[in-house]
Amino acid sequence: MRLRNITGSRELIADSPFCISNPETYRGRWHELFQNNHPLYIEIGMGKGQFLMEHARRNPEINYIGIEKYSSVLLRAVEKMETEELPNLRFIRFDAEYITNIFDQGEIDRIYLNFSDPWPKDRHAKRRLTSRQFLARYREILNAGKIIEFKTDNRPLFDFSLEEVKESDYTLLAFTYDLHHDEELCQGNIMTEYEEKFSSLGNPIHKMMVTPNA
């Protein structure tokens, strides 16, 4: 269960130099924040930051932005950055439903979706981060030919996501129902906190990679 009620978390995030409090002002010019023209990768629903921080360590030539809706969760990532600052990584507390308000057309080079909320009730399907509604939003901000990577241990959500790709203007590049036993797709895999937990319980991890059609 996600933590959502750490007293003062929103204020602490607002005061952090690692969190962008006015992301709309950088729409179309995130390179000014990072002071370079490196590719920009984002993770939506970044949780406590383990996955994205490891990417930032390994790839200083790429800029990363982590997006998290819940202040109490994002605070954990901020605390990690306070002990190890990574100049190519910043965070935003934001609802991804409005993601086109903070990124311009073609501004993003890769999107990571990891262990997203499954929203199991059918009436909430459009809230799933891999729904056709969200895929349409991502298509607006992704650079041509770039990739979305999605990982989950939730088989119904994964099957739903595969079907949504078919109904959207995307091409399915690759997928697996057992990432950790797929030699090709598992190369260079960086695990999230949830991935470590679920795989240790024997749950297979599913992954797909898609790209918007030209």
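Here the structure is a predicted model, which is why all the values come from computation and not from measurement. Here the residue index of a chain counts from 1 through its sequence in written order. At least 70 in pLDDT is required for a residue's local features to be given in this predicted model, at least 80 for side-chain atom pairs to be given and counted, and no such filter applies to totals for whole chains, interfaces and linings, which use all residues. For side-chain calculations, the full set of non-hydrogen atoms in the structure is used, while hydrogens and water are omitted.

Peer 1: What exactly am I supposed to notice about the packing of aromatic side chains here?
Peer 2: Aromatic ring pairs are described here by two measures, namely the spacing of the ring centres and the angle between the planes. When two rings of Phe, Tyr or Trp (its six-membered ring) have centres within 6.5 Å they constitute a pair, described as stacked for plane angles under 30 degrees, edge-to-face for angles over 60, and tilted for the intermediate range. Applying the stated criterion across every chain yields a total of 11 aromatic pairs. Between Phe150 and Phe158 the ring centres are 6.3 Å apart and the planes differ by 20 degrees, which places this aromatic pair in the stacked class. For the pair shown, Phe150 and Phe158 are each scored as buried. Pairing Phe175 with Tyr177 gives two aromatic rings, centres 5.9 Å apart and planes at 90 degrees, and the pair type is edge-to-face. Classification of residues uses two cut-offs on accessible area relative to the type maximum, computed with a 1.4 Å probe and protein chains only: under 20% is buried, over 50% is exposed, and between them is partly exposed. Phe175 gets classed as partly exposed once you look at its relative accessible area, which sits at 39%. Within the aromatic cluster, the residues linked to one another by ring pairs are Tyr41, Phe51, Tyr64 and Tyr112. Sitting above the plane of the Phe134 ring, Arg137 keeps its charged end 4.5 Å from the centroid. Look at NZ for Lys and CZ for Arg. If either is within 6 Å of the ring centre and within 35 degrees of the ring normal, a charge sits over the ring.

Peer 1: I would appreciate a short explanation of unusual backbone geometry in the present structure.
Peer 2: A positive phi is found at Phe115, a non-glycine position, where the angle reads about 50 degrees. Each helix corresponds to a stretch of at least 4 residues labelled H or I by DSSP, and each strand to a stretch of at least 2 residues labelled E; elements are numbered beginning at the N terminus. Structurally, Phe115 can be placed in the loop between strand E4 (108–114) and helix H5 (132–141). One non-glycine residue with positive phi stands out, namely Trp119, at about 40 degrees. Tracing the backbone through its elements, the reader meets Trp119 in the loop between E4 and H5.

Peer 1: For this particular structure, what's the right way to read the nonpolar core?
Peer 2: Here is a general trend for soluble globular proteins: nonpolar side chains tend to be buried in one another's company. Residue types Ala, Val, Leu, Ile, Met, Phe, Trp, Tyr and Cys, when buried and joined through side-chain atoms within 4.5 Å, form a set referred to as a nonpolar core. In this structure, Ile42, Ile44, Phe103, Ile111 and Tyr138 are the most contacted members of the largest nonpolar core, which totals 35 residues. Broken down by element, the residue count for this core peaks at 5 residues, all from helix H6 (residues 155–166). Note on definitions: a residue-residue contact is assigned when non-hydrogen atoms from the two residues lie within 4.5 Å. Among all residues touching Ile111, those that are not within four sequence positions of it are Ile42, Ile44, Tyr138, Ile141, Leu142, Ile147, Ile148 and Glu149. Core analysis: the next-biggest nonpolar cluster, separate from the first, contains 20 residues, Ile13, Leu52, Leu74 and Met81 among them.

Peer 1: So what exactly am I meant to see when it comes to the environment of Ser199 here?
Peer 2: As for its position among the elements, Ser199 is in helix H7 (residues 193–200). When near neighbours in sequence (up to four residues on either side) are disregarded, Ser199 contacts His180, Met191 and Ile205. In protein, a polar contact requires one atom able to donate a hydrogen and another able to accept it; more generally it is a pair of N or O atoms within 3.5 Å, and residues adjacent in sequence count only if both atoms are side-chain atoms. A distance of 2.6 Å separates the side chain of Ser199 from the backbone oxygen of Glu195, its partner in a polar contact.

So, to be careful, I would describe these as geometric facts and stop short of saying anything about function.
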